[in-house]
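Next come the chains, spelled out residue by residue.
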Amino acid sequence: MILSTARLARVLPALALATLLSACASQIDAGVVPEGAGPGFWWGLWHGFVFPFAFVGSLFNNEIAVYAVPNSGGWYDFGFFLGITVLGGGSVFGSKKRK
């Protein structure tokens, strides 16, 4: 299947953006983080937002993780959930009506 020029002009920037955002996914080393100082709500929100890109990156690189361990617990989980559903488009795409 050969892509038309117009379609290729849309696909390449999207792939470039996905690659750029996947570089933002990081994991805090468990040996460096002192007890109780793990990522909290804001890091959970960010990790939830970049989850789709981090997941794709984790398929090709074992150094990329989609979830920070250790973390601060419930607040990190809440931020992660909000990042995936609200910022990541989970609730927006599910609520649109199809014509």
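Small disclaimer: the values here were computed from a predicted structure and weren't measured.

**Focus: a nonpolar patch on the surface**
(1) Moving on: There is a patch of nonpolar side chains on the surface, built from F55, V56, L59 and F60 and spanning about 450 Å² of accessible area.
(2) Moving on: Here F60 is to be found in helix α3 (residues 51–60).
(3) Moving on: Residue classification places F60 among the exposed positions, given a relative accessible area of 72%.

**Description of the side chain of H47**
(1) Moving on: Position of H47 among the secondary structure elements: in helix α2 (residues 41–49).
(2) Moving on: Side-chain polar atoms of H47 contact the side chain of Y76, separated by 2.7 Å.

**Section: the packing of aromatic side chains**
Note on aromatic pairs: each is described by the distance of the centres and the angle between the planes.
(1) Moving on: Here the structure, examined in full by the defined rule, presents ten aromatic pairs.
(2) Moving on: Ring centres of W46 and F49 lie 5.9 Å apart, and the angle between their planes is 40 degrees; on these two criteria the pair is classed as tilted. Pair noted here: W46 and F49 are both in helix α2, with a separation of three residues, about one helical turn.
(3) Moving on: Taken together, the ring pairs in this structure connect F51, F55, Y67, Y76 and F80 into an aromatic cluster.

Here is what the cut-offs are and how they apply
Residues numbered from 1 in each chain as written. Predicted model: local features only at pLDDT ≥ 70, side-chain atom pairs only at ≥ 80, totals over all residues. Heavy atoms only, no water. Patch = residues over 30% accessible without salt bridge, like charges linked within 9 Å, V, L, I, M, F, W, Y side chains within 5 Å. Areas by Shrake-Rupley, 256 points an atom, 1.4 Å probe, with all protein chains shown as cover. Salt bridge = Lys/Arg side-chain N within 4 Å of Asp/Glu carboxyl O. Helix = DSSP H or I, 4+ residues; strand = E, 2+ residues; numbered from the N terminus. Buried < 20%, exposed > 50% of the residue type's maximum accessible area, 1.4 Å probe, protein only. Polar contact = N/O pair within 3.5 Å; in protein donor to acceptor, adjacent residues only side chain to side chain. Phe/Tyr/Trp six-rings, centres within 6.5 Å; stacked < 30°, edge-to-face > 60°.

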